[in-house]
Amino acid sequence: EKGGYDHFMMKEIHEQPKGLYETLMRRLNDDNTIKLDGITMTKADIESFNKVYIVACGTAYHAGLVGKAAIEKMARIPVEVDIASEFRYRDPFVDDKTLFIAISQSGETLDTLAALREAKRKGARILSVVNVVGSSVARESDDVFYTWAGPEIAVASTKAYTTQLMCMYLIALYMGHTKGVIDQDYYNRFIEELKQIPDKLEELLKKEKDVEAIAKKYCRKEQVFFIGRGVDSGVSYEGSLKLKEISYINSFAIAAGELKHGTIALIEEGTLVFALATQDFLFEKMLSNIQEIKARGANVVGIAKEGNREIEKQSSEVIYIPSCMDEVTPLLSVVPLQLFAYYVAKFRGCNIDKPKNLAKSVTVE
Ligand code: F6R
């Protein structure tokens, strides 16, 4: 049942190209327009929204951070991302001009469901991104964008996250296109880019052994940092969560530009830092952040797009992801972080698929 892999987590990491392909292709018509297939949200609805709330927990919340960037860029509408357990208790500004997007793999997370009900009570339109068909979140939403990840068994979420990202890109494109704020050329380029992602991910997965070697080298570290800017900061949070939940290493993610406002005090000789530098327009800024931490003796593992070799001067190791548009790098850059967490947990003898203290679906507060 683990398809030849030692753990469900590894099987599920390898199922990502297929999950992404399915999630994309089931929503695309032959002419590259987005297939609505049950989605009832009209052009008038989309034009009536003056704000979007994306609400979720854990990994799904991290997918929301990337979703915010995509929707703000493509649909030019303010987006707030919130943790469900915070949103539901703070009387947020929600009315009938609000689009509320819940993201949930299981569709049964209690806080997410409660936040959804609260938003609905206040008149918001409810769109959800869910993996489990017929789950509570799906049933209580006006519209559902399903992720086609297939069942996710490992507690640490992998393929649910990347397929959630795919849905967020499609939602952003659909809203932007419907509102007429993105031009046809950009739209077409973006869809072509998304179509290439499954193959690029297969390419990237061939670097598994390189990541394993990096994990072997650093698996005894007791503290790991993840830094990045823009969408790379969202992916940093996800990489950090993966590592802490399955390897029990104290890890911390922070927007790279925020480091010098306090956290850099923790960087010392031998501190391990993953520096995500996949954004072309932020590359130089990241290089100077890396230089700052390098100067304090950190071991830096850089993650950059193929070709951006300047990062090698500042890093102990570099993992290159296939080149692609800046917007879609999270679909690729998260994968080496998933693999790193997996191998570190393995070298430390942890129970990878069922980490201590964690349940797959959190249906209590
Ligand atoms: C982390 C993880 C959790 C879930 C979170 C939300 O790997 O799996 O952080 O993402 O509990 O669960 P769903 O998506 O089912 O609402």
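Before going into details, it helps to say that this report is about the structure given with it. (Residues numbered from 1 in each chain as written. Predicted model: local features only at pLDDT ≥ 70, side-chain atom pairs only at ≥ 80, totals over all residues. Heavy atoms only, no water.)

## Looking at the overall build of the protein chain
Along the protein chain, the regular secondary structure elements total 13 helices and 10 strands. In terms of overall size, the protein chain behaves like a compact globule, its C-alpha atoms giving a radius of gyration of 20 Å where 365 residues would be expected to give roughly 21 Å. Projected onto the principal axes, the alpha-carbon positions of the protein chain cover approximately 55 × 45 × 40 Å. Partitioning the contacts of the protein chain with sequence separation of at least 6, the portion at a separation of at least 24 is 74%. For the protein chain, the exposed area adds up to about 14700 Å²; of that, 49% sits on carbon and sulfur atoms. The averaged location of the 52 negative side-chain charges in the protein chain is 2 Å from the averaged location of its 47 positive side-chain charges. (Helix = DSSP H or I, 4+ residues; strand = E, 2+ residues; numbered from the N terminus. Rg over C-alpha atoms; globule rule 2.2 N^0.38 Å. Contact = heavy atoms within 4.5 Å. Areas by Shrake-Rupley, 256 points an atom, 1.4 Å probe, with all protein chains shown as cover. Lys, Arg positive; Asp, Glu negative; His and termini not counted. Charge placed at Lys NZ, Arg CZ, Asp CG, Glu CD.)

## Remarks on the site of the ligand
For the ligand, the set of nearby residues contains 13 residues, the closest of which are Ser104, Gln105, Ser106, Thr109 and Glu245. In the model, an oxygen atom of the ligand is placed 3.1 Å from a nitrogen or oxygen of the threonine 59 main chain. Take serine 157: an N or O atom from its main chain is 2.9 Å from an oxygen atom of the ligand. Protein coverage of the free-state accessible area of the ligand, which is 410 Å², stands at 89%. Of all the secondary structure elements, the ones that give two or more residues to the shell around the ligand are helix H4 (58–75) and helix H11 (231–247). Among the elements that make up the shell around the ligand, the one with the highest residue count is H4 (3 residues). For the shell around the ligand, a count of residues per class yields 4 nonpolar, 7 polar and 2 charged. (Near = heavy atom within 4 Å. Polar contact = N/O pair within 3.5 Å; in protein donor to acceptor, adjacent residues only side chain to side chain. Nonpolar A, V, L, I, M, F, W, Y, C, P; charged D, E, K, R; others polar.)

## Concerning the packing of H11 against helix H13 (residues 330–347)
Remark: H11 packs on H13, axes separated minimally by 9 Å, with the N-to-C direction vectors making an angle of 20°. The orientation of H11 with respect to H13, classified from their angle, is roughly parallel. Considering how the two elements wind past one another, H11 and H13 form a crossing that is right-handed. From H11, Val231, Val235, Glu238, Gly239, Lys242, Leu243, Ile246 and Ser247 reach across to H13, where they touch Pro330, Ser333, Val334, Leu337, Phe340, Ala341, Tyr342, Val344 and Ala345. Per-class residue counts for the contact of H11 with H13 are 12 nonpolar, 3 polar and 2 charged. (Axes fitted to C-alpha atoms, helices over the stretch in contact; angles between N-to-C directions. Parallel < 35°, antiparallel > 145°, perpendicular 65-115°, else oblique. Left-handed = near helix turned anticlockwise from the far one by under 90°.)

## What about the sheet that holds strand E9 (residues 299–305)?
The strand order E7-E6-E8-E9-E10 describes an open sheet built from 5 strands, whose pairing is parallel. Looking at strand neighbours, the two that pair on one side only are strand E7 (250–255) and strand E10 (317–321), the edges of this open sheet. Strand-to-strand, the axes of this sheet are offset by a mean angle of 15°, without reference to chain direction. Pairing of strand E6 (residues 223–228) with strand E8 (residues 272–277), which is carried by 5 bridges, proceeds in the parallel orientation. Pairing of valine 224 across the sheet is with leucine 272, part of E8. Along the sheet, H11 contacts E6, E7 and E8; its crossing angle with E7, the most-contacted strand, is approximately 175°. Against the sheet, helix H12 (residues 283–294) contacts E6, E8 and E9, and its axis sits at roughly 170° relative to E8. (Pairing = 2+ DSSP bridges.)

## A look at the sheet that holds strand E1 (residues 51–56)
One open sheet holds the 5 strands; their spatial order is E2-E1-E3-E4-E5, and the pairing between them is parallel. On the outer flanks of this sheet lie strand E2 (79–83) and strand E5 (143–146), each paired with one strand and no other. Direction aside, the axes of adjacent strands within the sheet are offset by 20° on average. Here strand E4 (residues 125–130) pairs with E5 via 4 bridges, running parallel. Bridged to valine 129 within E5 is phenylalanine 145. Lying on the sheet, helix H8 (residues 159–179) is in contact with E1, strand E3 (98–104), E4 and E5; it crosses E3 at an angle near 160°.

## As for the nonpolar core
Formed by 93 residues in total, the largest nonpolar core has its most connected members in Ile71, Ile101, Met175, Leu194 and Phe274. In this structure methionine 175 touches Ile46, Phe49, Val52, Ile71, Ala75, Ile77 and Leu99, once residues within four positions along its chain are discounted. Residues Ile264, Ala275, Ala277 and Leu287 belong to the second largest nonpolar core, which totals 20 residues. (Core = buried A, V, L, I, M, F, W, Y, C linked by side-chain atoms within 4.5 Å. Buried < 20%, exposed > 50% of the residue type's maximum accessible area, 1.4 Å probe, protein only.)

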